[in-house]
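What follows is the residue order along each chain.
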Amino acid sequence: MMNDKKSWRQMAEKELRGTPLDELTWDTLEGIKVAPLYVAEDIVDLDHMNGIPGTAPYARGVKATMYAGRPWTIRQYAGFSTAEESNAFYRQGLEAGQQGVSVAFDLATHRGYDSDHPRVVGDVGKAGVAIDSVEDMKILFNEIPLDKISVSMTMNGAVIPVLASFIIAGEEQGVSRSALSGTIQNDVLKEFMVRNTYIYPPEASMRIVADIIEYTAAEMPKFNSISISGYHMQEAGANLVQELAYTIADGKEYVRTAIERGMDVDAFAGRLSFFFAVGMNFFMEIAKLRAARVLWHRVMAEFKPKNPKSSMLRTHCQTSGVSLQEQDPYNNIVRTAFEAMSAVLGGTQSLHTNSFDEAIALPTEASARIARNTQLILQEETGVTKVVDPLAGSYYVEKLTADLIDEAWNLIVEVEEMGGMTKAVSSGLPKLKIEESAAKRQAQVDRGDEVIVGVNKYKLETQPEIDVRDIDNNQVRDAQVAKLAHIRAARDTSACESALLEIGRRCEEGGNLLEAAVEAARHRATVGEMSLAMEGTFGRHRAEVKTLAGVYGSAYEGDESFEAIQNSVEEFAREEGRRPRILVVKMGQDGHDRGAKVIATAFADIGFDVDVGPLFQTPEEAAQDALDNDVHVVGISSQAAGHKTLAPKLVDALKEAGAEDILVVCGGVIPQKDYKFLKSAGIAAIFGPGTNIPDAAQNVLDLIRAGRK
């Protein structure tokens, strides 16, 4: 029997009839070469293969029985509009087989603003649920027994007031803090890299992280004090090595911070959890989760824990949002199913499956049911829970695991040489590397080198119409403003103000901030008020805007169609005496800037002069930037569903300034049904998810030319 590579090569070359065998080797985005065949000799002496499930270094899983003993937890990440609507959605999901609640907060809450703040007019209730106080939190979990249902909360910026409000909501439901189970994300380092829903500067934010770890270790033994998140890195464009390395490096920084606070590693490390994205590179994602467990065990060995649980990486996973496409959207159901299977074969402890319509809007009840049933079918019908770590020993999977361990470790060492992740984040290096990866991948998609079915290959002539959830932002905001007025009128003002002053005092003099915030929440201080009490000492962080050059365009070197667009731009410059100039803006509290950064990079490489506005602008501020920079066009990047409120306000602000000639275009997560409204409001063009960037650039150039005539 021929089982060596030499024999296989002979057979393969005969079958290929002259085609070079090297063409079967695949270079991943991470720079890892994937061969067409792996054999036993490829996995000789791989250290991570030592051990069985439940034993170090945990490549095979953190539990001996894994899903054969207990399946992963089925979660559904959701939140929209008011606490009342979200509560009804959660209860329906729990009745249908969901096993835990995962809360998505709106961007106003994330950024520590109450719903009546003037900077959040377009954000309230749009991309998550609006939570302003304990009263909203009590409604959110009405008739959901918090002593029986675990709650995961994706919150980082306003993590202190939100967790405090949750603790008091449990207390007033009759559940002590010691009985509350779940997870608070509390991973602020990745906010400075990718997601940008921070409030305070890095150093102050790390102090808050440590306060929460300290408080929960002492008071909340069933609660995970932090969910160290790589998910948002991959969503922002990180390749899998970057996601893996920077997530583990973040975790190491949090452990180091807690130990420096004087805590024993075994008092908190067992309650740390992780959160990874799972995309469409099926086997690579499986290997990534196996590699993550090995890397975390290696990192934790430096801190010499005595409890084995301190070295076990437990993770939640969520299927990719970036892989969801607006075009031919029912394909997203298939994508999510494959990604879910990958997460399961990789050994996740809990899983959220995205709904197929989330490339366009928040999920409907019907689409959420399909997503939830995807997991139920995996658990109940496929047999994947019957065998522990079924892919162990696979030549391919084990070699990929080893490659990812090695490549990620190199990045972790690089971060350590910079002084740790806080200093690395402050330098901006990880963020720039992730943005470079995002630009490279977008170029591969636009060129068709990476196939996305229904987007750049096998495209439909007409797109199917699907129902999407629409939130009346003004109605939600009006309701929240009324609630806030009632709370402020009914509370003991003196007790509330005293509690807020104590938060401010502890910011300056020391003391646990979560402990102080729990008392403030009990006296009905709002999320915005508690955040402002800390902002008085810490300040509000403002990121420096940096853009890349040459990364996107390098993928098109020698491409005739790309050069034709560049030539069109040069022709415009000769005719007009200057290049076409675009201002790329993010308005409202949406910090997801992957799309904006990729557009800025690509348009600059095509030949446009590009300005990028700071995050979190109001329409009036964006309009002033457009005037100051003398641009031809403003490009709005939208991902958080605030476009119907914010885009018309920008058009109006430009008109009021006498700058009607400046065009406004929109791109991002915008349902087709909103196009007519936006165009009637003065938006010149709309570019949805999956738009080919060079085509969009030509379209924008044509619009500028038409407007000059």
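Above: the structure in question.
Residues numbered from 1 in each chain as written. Predicted model: local features only at pLDDT ≥ 70, side-chain atom pairs only at ≥ 80, totals over all residues. Heavy atoms only, no water.

A. The layout of surface pockets, seen in detail. There is about 800 Å³ of room inside the second largest pocket. Lining the second largest pocket are 31 residues; nearest its centre among them are Gly279, Met280, Asn281, Arg441 and Glu450. Every element with two or more residues in the lining of the second largest pocket is listed here: β1 (26-27), α9 (231-235), α13 (331-346) and α17 (429-447). The element that contributes the greatest number of residues to the lining of the second largest pocket is α13, accounting for 4 residues. By residue class, the composition of the lining of the second largest pocket is 11 nonpolar, 11 polar and 9 charged. (1 Å grid on protein atoms, 1.4 Å probe; cavity = no way out; pocket = protein on both sides within 12 Å on 5 of 7 lines; lining within 4 Å. Points joined across faces, edges and corners; volume = space filled by probe spheres on them. Helix = DSSP H or I, 4+ residues; strand = E, 2+ residues; numbered from the N terminus. Nonpolar A, V, L, I, M, F, W, Y, C, P; charged D, E, K, R; others polar.)

B. The pairing of strand β12 (residues 581-585), seen in detail. Counted residue by residue, β12 has 4 buried out of 5 residues, so it is predominantly covered. Pairing of β12 with strand β13 (residues 609-612), which is carried by 4 bridges, proceeds in the parallel orientation. Counted as the bridge partner of Arg581 is Asp609 from β13. The β-α-β motif built from β12, the intervening helix α24 (residues 594-606) and the parallel element β13 has right-handed crossover chirality. Direction of pairing for β12 relative to strand β14 (residues 633-638): parallel, over a ladder of 4 bridges. Bridged to Ile582 within β14 is Val633. (Buried < 20%, exposed > 50% of the residue type's maximum accessible area, 1.4 Å probe, protein only. Pairing = 2+ DSSP bridges. Right-handed = clockwise from strand over helix to strand, strands pointing away.)

C. Representation of the packing of aromatic side chains in the model. Considering all chains together, one arrives at 17 aromatic pairs under this definition. For the pair Phe141 and Phe166, a centre-to-centre distance of 5.6 Å together with 70 degrees between the ring planes defines the contact as edge-to-face. Linking Phe141 in the loop between α5 (134-140) and β5 (151-154) with Phe166 in helix α6 (residues 159-172), this pair joins segments that are 25 residues apart in sequence. Per residue, the accessibility class of Phe141 equals that of Phe166, and both read buried. Three or more aromatic residues link up through ring pairs in this structure, and these residues are Tyr38, Phe282, Phe283 and Tyr396. A cation sits over an aromatic face here: Arg111 above Phe616, 3.4 Å from the ring centre. (Phe/Tyr/Trp six-rings, centres within 6.5 Å; stacked < 30°, edge-to-face > 60°. Lys NZ or Arg CZ within 6 Å of the ring centre and 35° of its normal.)

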